[in-house]
Amino acid sequence: MARDSCLARIAAGCAVGGAVGGAVGAVYGTYEAVRYKVRGFYVIRHIGRTTLGSAAVFGLFLGAGSLIHCGKSY
């Protein structure tokens, strides 16, 4: 079985982290918008900002974890 390169593992970690973070950010952003009664077009802006911010943070940390884990062989 061919082993993936380290860069491919890091990219996959960032992608999975971004997807999970985006989903969590969208749910949390919607909850916050409803809770604080955000009105009008600001609802979409608030949900989008929360989604992108959460996706970036989750992707960064999962990519960093993949980088740390990349050198280990089990």
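Heads up: these notes are all about the structure in this document. Just so it is clear, the structure is predicted and the values come from calculations on it, not from any experiment.

Turning next to the overall build of the chain. Secondary structure summary: the chain contains 2 helices and 0 strands in total. Referenced to the eigenvectors of the C-alpha coordinate spread, the extents of the chain come out at roughly 55 × 15 × 15 Å. By residue count, 24% of the 74 residues in the chain fall in the buried class. Sequence separation of 24 or more characterises 73% of the internal contacts of the chain that already satisfy a separation of 6 or more. Here the chain displays about 5500 Å² of accessible surface, and carbon together with sulfur accounts for 71% of that area.

Let us now look at the environment of G65. For G65, the position within the fold is in helix α2 (residues 42-70). Given the relative accessible area of 32%, G65 is considered partly exposed. Taking the C-alpha atoms as reference points, G65 and G13, separated by 52 residues in sequence, lie 7.9 Å from one another.

A separate point is the state of the cysteines. What we call a disulfide is simply a covalent bond connecting the sulfur atoms of a pair of cysteines. A full pass over the atoms with the stated rule returns 1 disulfide. The residue that forms a disulfide with C6 is C70, at a sulfur-sulfur distance of 2.1 Å. With C6 in helix α1 (residues 6-35) and C70 in helix α2, the pair connects residues that are 64 residues apart, well separated along the chain. For C6, a relative accessible area of 30% translates into the label partly exposed. Unpaired in terms of disulfides, C14 finds its nearest cysteine sulfur in C6, a separation of 11 Å.

So, how was this worked out
- Residues numbered from 1 in each chain as written.
- Predicted model: local features only at pLDDT ≥ 70, side-chain atom pairs only at ≥ 80, totals over all residues.
- Heavy atoms only, no water.
- Helix = DSSP H or I, 4+ residues; strand = E, 2+ residues; numbered from the N terminus.
- Buried < 20%, exposed > 50% of the residue type's maximum accessible area, 1.4 Å probe, protein only.
- Contact = heavy atoms within 4.5 Å.
- Areas by Shrake-Rupley, 256 points an atom, 1.4 Å probe, with all protein chains shown as cover.
- Disulfide = S-S within 2.5 Å.

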